[in-house]
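Geometric and topological summary
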Amino acid sequence: MSTDLPAVARRADGPSLPAPSAPRRLPLPPLLAALTAALLLSLLCCVALGASGVGWGGTMRHLWAGLSGGTIAPDELPAYTIVWELRFPRALLAAVVGAGLSAIGVGVQAMVRNALADPFVLGISSGAAVGANAVLLFGALGSLGVWALSGAAFTSALAAMALVYAAARTRHGLTPLRLVLTGSAMYYGFSAITTLMVFSADRGEAARSAMMWLLGSLGGATWSSVPIAAAVVLAGTGYLLWSAPRLNALAMGDETAATLGVDAERLRRVLFVVTAAVTGAVVAVSGAIGFVGLMVPHVTRMLVGADHRRVLAVAPLMGAVLLLWVDVVSRLLLAPVELPVGVITALIGVPCFVVLMRRRGYVFGGS
């Protein structure tokens, strides 16, 4: 039986997510083609633009040398290092993180049936911050070397996931309202621990690094961090795309989902694990970058409707393009000082959020 029913379910536990029905929406193939082209162009711009002034010609030459295994002149080694070892992995990581946050934002909003939810509503990001700050402020897990920060952040994110799950689950399973309330409570608890750690640290520069990480930063991107994050994001997004028809049913309520043959409790458990794992992996390499996972799903629904098959095809591309340009702005706005990425996303996200609320005919969660 089809799960694409033109209905809107109203619930008391949060703003509703309507079933996929949109009177006006952009055709999907041209939009996907345009976003793919924009993503490739944004990648090149993110690598080429910077305070060092490598230039477009040098950027293309060094990228080709890195991709093809070609040779470069000795005097070009500094520029090659900037392009291939610093900017290119950073640009790739920005695209991966933007795509991951956007896709998981769609999944979380369907899971808790709350249009105000984002990937951080479950408290996973603040849990990851505890582990990351233990490394930045006190040198924990120093034996892991370059893997210490991401390893500690991901491990503490998984621990936070287990704690939220244990606290939110009842004999009736996981309910959207309990997930949101438990995640919000854990968020404030982990944030308090993180703040205490920052104030108790005796190293000023370490505290500054911790604050940069808490607000989101791609400055630590390396070639070793890109493949793992990309693999987790790809797997999580693939699962969400495969589950899109069931997400359509889940968005209309557990009772409606049951009549369509969808086990809402089981699906919500799997979604919880998938969203927590992807959020943990993304936060471990980039810190807590807000507003991407909240805003991109809404903008996407405004363009293509609320059908999760269409939303999940477009949102990752849109999020990747957005975060690439946000990273460019964060590096150039006050160059040579680098701003936290989360500051730029908030400056963009707040006005967009207000515009969406004021837009006539737009209902959060669909058009």
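Remember, predicted model here, so these are calculated numbers, not experimental data.

About the cut-offs
- Residues numbered from 1 in each chain as written.
- Predicted model: local features only at pLDDT ≥ 70, side-chain atom pairs only at ≥ 80, totals over all residues.
- Heavy atoms only, no water.
- Helix = DSSP H or I, 4+ residues; strand = E, 2+ residues; numbered from the N terminus.
- Buried < 20%, exposed > 50% of the residue type's maximum accessible area, 1.4 Å probe, protein only.
- Areas by Shrake-Rupley, 256 points an atom, 1.4 Å probe, with all protein chains shown as cover.
- Contact = heavy atoms within 4.5 Å.
- Salt bridge = Lys/Arg side-chain N within 4 Å of Asp/Glu carboxyl O.
- Patch = residues over 30% accessible without salt bridge, like charges linked within 9 Å, V, L, I, M, F, W, Y side chains within 5 Å.
- Phe/Tyr/Trp six-rings, centres within 6.5 Å; stacked < 30°, edge-to-face > 60°.
- Expected span 1.5 Å × (residues − 1).
- Bend = angle between axes of the 7 residues up to and from the residue.
- Core = buried A, V, L, I, M, F, W, Y, C linked by side-chain atoms within 4.5 Å.
- pLDDT = per-residue confidence, 0-100.

A few words on the overall build of the protein. Secondary structure assignment for the protein yields 14 helices and zero strands. In the protein, which comprises 367 residues, the proportion classed as buried is 53%. Carbon and sulfur atoms form 69% of the exposed surface of the protein, whose accessible area is close to 15,900 Å².

Moving on to the side chain of E265. Tracing the backbone shows E265 in helix α11 (residues 264–286). Among all residues touching E265, those that are not within four sequence positions of it are H172, G173 and L174.

On to the pattern of salt bridges, then. Considering all chains together, one arrives at eight salt bridges under this definition. Across the pair D254 and R113 runs a salt bridge, and its minimum N-O distance is 2.9 Å. Of this pair, D254 sits in helix α10 (residues 254–259) while R113 sits in the loop between α3 (77–112) and α4 (124–138), and the two are 141 residues apart along the sequence. For D254, a relative accessible area of 27% puts it in the partly exposed group. Judged by relative accessible area, which is 7%, R113 ranks as buried. With a shortest N-O distance of 2.9 Å, R268 and D254 are connected by a salt bridge. Here D254 lies in helix α10 and R268 lies in helix α11, a separation of 14 residues in the sequence. The network of salt bridges with shared partners includes R90, D327, R331 and E338.

Moving on: a nonpolar patch on the surface. There is a patch of nonpolar side chains on the surface, built from V329, L333, L334 and V337 and spanning about 340 Å² of accessible area. Considering the arrangement of structural elements, one finds L334 in the loop between α13 (308–332) and α14 (341–358).

Before going further, it helps to examine the packing of aromatic side chains. Geometry of an aromatic ring pair is reported as the spacing of the ring centres plus the angle between the planes. By the definition in use, this model includes six aromatic pairs. Pairing Y165 with F272 gives two aromatic rings, centres 5.8 Å apart and planes at 40 degrees, and the pair type is tilted. Residue Y165 is located in helix α5 (residues 148–168), and its partner F272 is located in helix α11; the two are separated by 107 residues in the primary sequence. Since its relative accessible area comes to 26%, Y165 is described here as partly exposed.

The terminal C-alpha atoms of α3 lie 51 Å apart, and with 36 residues this matches the ideal 52 Å at 1.5 Å per residue to within 8%. Of all the bends found along α3, the most pronounced is centred on R87 and spans about 35 degrees, while P89, a proline, follows it within four residues. Of all the 36 residues making up α3, 28 are buried; the element is thus mostly covered by neighbouring parts of the structure. A positive phi of about 50 degrees marks R113, the residue just after α3.

A few words on helix α1 (residues 28–48). Between its terminal C-alpha atoms α1 stretches 30 Å, which fits the 30 Å expected from 21 residues at 1.5 Å a residue. Taken as a whole, α1 has its buried residues at L28, L31, L35, L39, S42, L43, C45, C46, V47 and A48. Contacts made by the buried residues of α1 are with α2 (55–68), α3, α12 (292–304) and α13.

Let us now look at the nonpolar core. Nonpolar side chains tend to gather and get buried jointly when the protein is soluble and globular. Among the nonpolar cores identified, the biggest contains 91 residues, and L93, V97, L179, L240, L271, F272 and L324 are the most heavily contacted of them. Ranked by residues supplied to this core, first place goes to α3 with 19 residues. Filtering out sequence-adjacent residues up to four positions away, V97 remains in contact with L218, V282, V285, S286, I289 and L323.

Residues of the protein with pLDDT of at least 70 account for 88%, and the chain-wide mean is 83. Considering each helix and strand of the protein separately, the mean pLDDT is smallest for helix α7 (residues 204–214), with a value of 74, and largest for α13, with 95. A low-confidence stretch, residues 1–23 (pLDDT under 50), is modelled with 63 contacts involving residues beyond four sequence positions or located in other chains.

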